[in-house]
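Fold and contact review
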Amino acid sequence: MSTEQQLAELFDEQARQAPAPDALLDGALRKVRTRRRRLAAAVGGTAVLSAAVVLAAGLSLGGGPSAPIAGPSPSGTVPAGRAGQPIAVAGVSTSCVYAYSPELVTEKLDFAFDGTVVSVGAPVSQRPGDPLPWDYAGVTFRVNEWFKGGSGDRITVDLPRSGQRLSEGEGSPSEYAPGTRLLVSGMARWGGSNPLAYPVAWFGCGGFTLYYGDSVADSWRAANN
Amino acid sequence: MTFESFVEQQGSALLRLAFVLTGNHHEAEDLTQTALADVYRHWRKVSAARSPEAYARRVLVNGFLSHLRRRWTGERAVDVVDRDLPPVADHAAGVVEREALRARVAKLPPRARTVVVLRFWADLDDDAIAEAMGTTASTVRVTAARALAALRSDGTADLEEAR
């Protein structure tokens, strides 16, 4: 018998001993749910956080005198001393799938833009029927510049609510309000060809969504080019 | 077609392929479920594709090779050891030969083993194997020829992976 025939018989024999496919569907969907939870951790820790935060125009971000709002720029404001800094810093218990870099923003993520917060409302990336918790806010931006993924002058993206921490009791919370200028990058939460379908911002892990800063904007522009 | 019906139709074949590749029940289930989870994430694109099963097979094969790439350190990827086979009666010669071949297949580098499985079990042609593995048909042919030569001579220790 030839080696080829022997191989075919050997593999046939092995295939007959394969496990039954009973658990495939449940197992695959369980992995999908696990991955979503990991993604949530990557973009901001599991989102079971209290969210009693009042959002109003002109509200002093950070809830105290240590974080005053700087004077308005032509396209929005940035907390003093926070230009180019991440909007939230995770604690030690938050694991990152990716560490931030400008190249990663343009290579891996679906959209990136410079925008000023216009309003904060209900999340927009929750699909009907999805039972997973999603305690985020839908933040509408006036777009100052697109780096990747879009072209309109307005976009609503899911972000952790202002005041939330990425992991409970650790790190620093995200802080923004109407008028805050951010550099935002993220992805279509459920995939697909439309980069702005069900958009959710990435944050934590050293960057991804940051207070506006000229040098960061330059690096995103350069990476995209 | 829904994702659920796709799993119903193709899940068993994917699981058998995973089992022939890995030789391990748990790894085969995990590999198949991971591949299907990826298919689910891109279901709109996959279901519109010319061959959703080819897409799923490619994801599975890539997952297998990625997994082994992390584990492959030049040692055996499957826990099969060389054995001094005892003398046997003639009627057992076929079994002994089969076991010896199984051991030699287990010693093949991951990509060579994958080519052999896809060609001689899944019965795919070189183009389909190349698509599943993300390589070219000529690379598949070279890899298959080297793998067969190694299996015939048991010279797997000297077999290098064709890229």
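Every chain is numbered on its own, with residues counted from 1 as its sequence reads. All chains are assigned letters beginning at A, and all ligands numbers beginning at 1, according to the order in which they are written. Where totals are concerned, whole chains, interfaces and linings use all residues; where local detail is concerned, this predicted model gives features only for residues with pLDDT of at least 70, and gives and counts side-chain atom pairs only at 80 or more. For the side-chain quantities, the full set of heavy atoms in the structure was used; hydrogens and water were omitted.

What follows deals with the overall build of chain A. Put simply, DSSP H or I for four residues or longer makes a helix, DSSP E for two residues or longer makes a strand, and each gets a number counted from the N terminus. From N to C terminus, chain A includes four helices and six strands. Along the chain direction, N to C, the helices and strands of chain A fall in the order α-α-α-β-β-β-β-β-β-α. Accessible area is worked out with a 1.4 Å probe on protein chains only. A residue is then buried under 20% of its type maximum, exposed over 50%, and partly exposed in between. Across the 225 residues of chain A, 48% fall into the buried class. Shrake-Rupley sampling with a 1.4 Å probe provides the accessible areas, and residues are treated as covered by the protein chains on show and by no other component. Within the structure as shown, chain A displays about 10,100 Å² of accessible surface, and the carbon and sulfur contribution to it stands at 52%.

The next point concerns the packing of aromatic side chains. The description of an aromatic ring pair rests on the distance of the ring centres and on the angle between the ring planes. Residue and element names in this part refer to chain A. Pairing of aromatic rings covers Phe, Tyr and Trp, the last counted by its six-membered ring, and requires centre-to-centre distances within 6.5 Å; plane angles under 30 degrees mean stacked, over 60 mean edge-to-face, and any other angle means tilted. With the rule as written, the count across this model stands at nine aromatic pairs over all chains. Ring centres of F111 and F113 lie 6.2 Å apart, and the angle between their planes is 25°; on these two criteria the pair is classed as stacked. For F113, a relative accessible area of 0% puts it in the buried group. On the numbers, 5.2 Å between centres and 70° between planes, the contact of F113 with F141 is edge-to-face. Of this pair, F113 sits in strand β1 (residues 111-121) while F141 sits in strand β2 (residues 136-148), placing them 28 residues apart in sequence. A network of ring pairs unites the aromatic residues F111, F113, F141 and W146 as a single cluster. The rule for a charge over a ring is simple: NZ of Lys or CZ of Arg within 6 Å of the ring centre, and within 35 degrees of the ring normal. A cation over a ring is seen here: R181 above Y212, with NZ or CZ 3.5 Å from the ring centre.

To continue, consider the interface of chain B and chain A. The contact criterion used throughout is that any non-hydrogen atoms of two residues lie within 4.5 Å. Taken together, the contact pairs 32 residues of chain B with 31 residues of chain A. By definition, the buried area sums, over both parts, the 1.4 Å-probe accessible area that each loses when the two are put together. With both sides pooled, the region where chain B packs onto chain A buries about 3,100 Å², and carbon together with sulfur makes up 66% of that total. Its largest share of buried area at the contact with chain A, chain B owes to Q33(B), R41(B) and R98(B), together 20% of the area lost on that side. One side-chain nitrogen of Lys or Arg within 4 Å of one carboxyl oxygen of Asp or Glu is enough to make a salt bridge. At the junction of chain B and chain A, the tally comes to three salt bridges. One salt bridge connects K31(A) with D30(B), and the closest N-O pair in it is separated by 2.6 Å. N or O atoms closer than or at 3.5 Å make up a polar contact, with two conditions inside protein: a donor-capable atom paired with an acceptor-capable one, and, for residues adjacent in sequence, both atoms drawn from side chains. For the pair chain B and chain A, the interface holds eight residue pairs in polar contact (both at pLDDT 80 or more). Mapped by element, the contributors of at least two residues to the side of chain B that touches chain A are α1 (3-22), α2 (25-41), α5 (93-107), α6 (110-120) and α8 (137-153) of chain B. We call Asp, Glu, Lys and Arg charged. Ala, Val, Leu, Ile, Met, Phe, Trp, Tyr, Cys and Pro are nonpolar, and the rest, Gly among them, are polar. When grouped by side-chain class, the residues that make up the side of chain B that touches chain A number 16 nonpolar, six polar and 10 charged.

This part takes up helix α7 (residues 126-133) of chain B. Residue and element names in this part refer to chain B. Among the eight residues in α7, six count as buried, and that is most of the element. N-capping of α7 is provided by D125, with a side-chain oxygen placed 3.2 Å from the backbone N of D127. Positive backbone phi, approximately 70°, marks G134, located one or two places after α7.

Moving on to the pattern of salt bridges. Following the criterion strictly, the structure yields 10 salt bridges over all chains and no others. In this structure, E4(A) engages R152(B) in a salt bridge whose closest nitrogen and oxygen atoms are separated by 2.9 Å. On the criterion of chain membership, the pair formed by E4(A) in helix α1 (residues 3-16) and R152(B) in helix α8 is interchain, its members lying in two chains. Judged by relative accessible area, E4(A) falls into the partly exposed class, the value being 26%. We classify R152(B) as partly exposed; its relative accessible area is 49%. Linked by salt bridges that have partners in common, E145(A), D218(A) and R221(A) make up one network.

The values reported here are purely geometric and, on their own, carry no functional implication.
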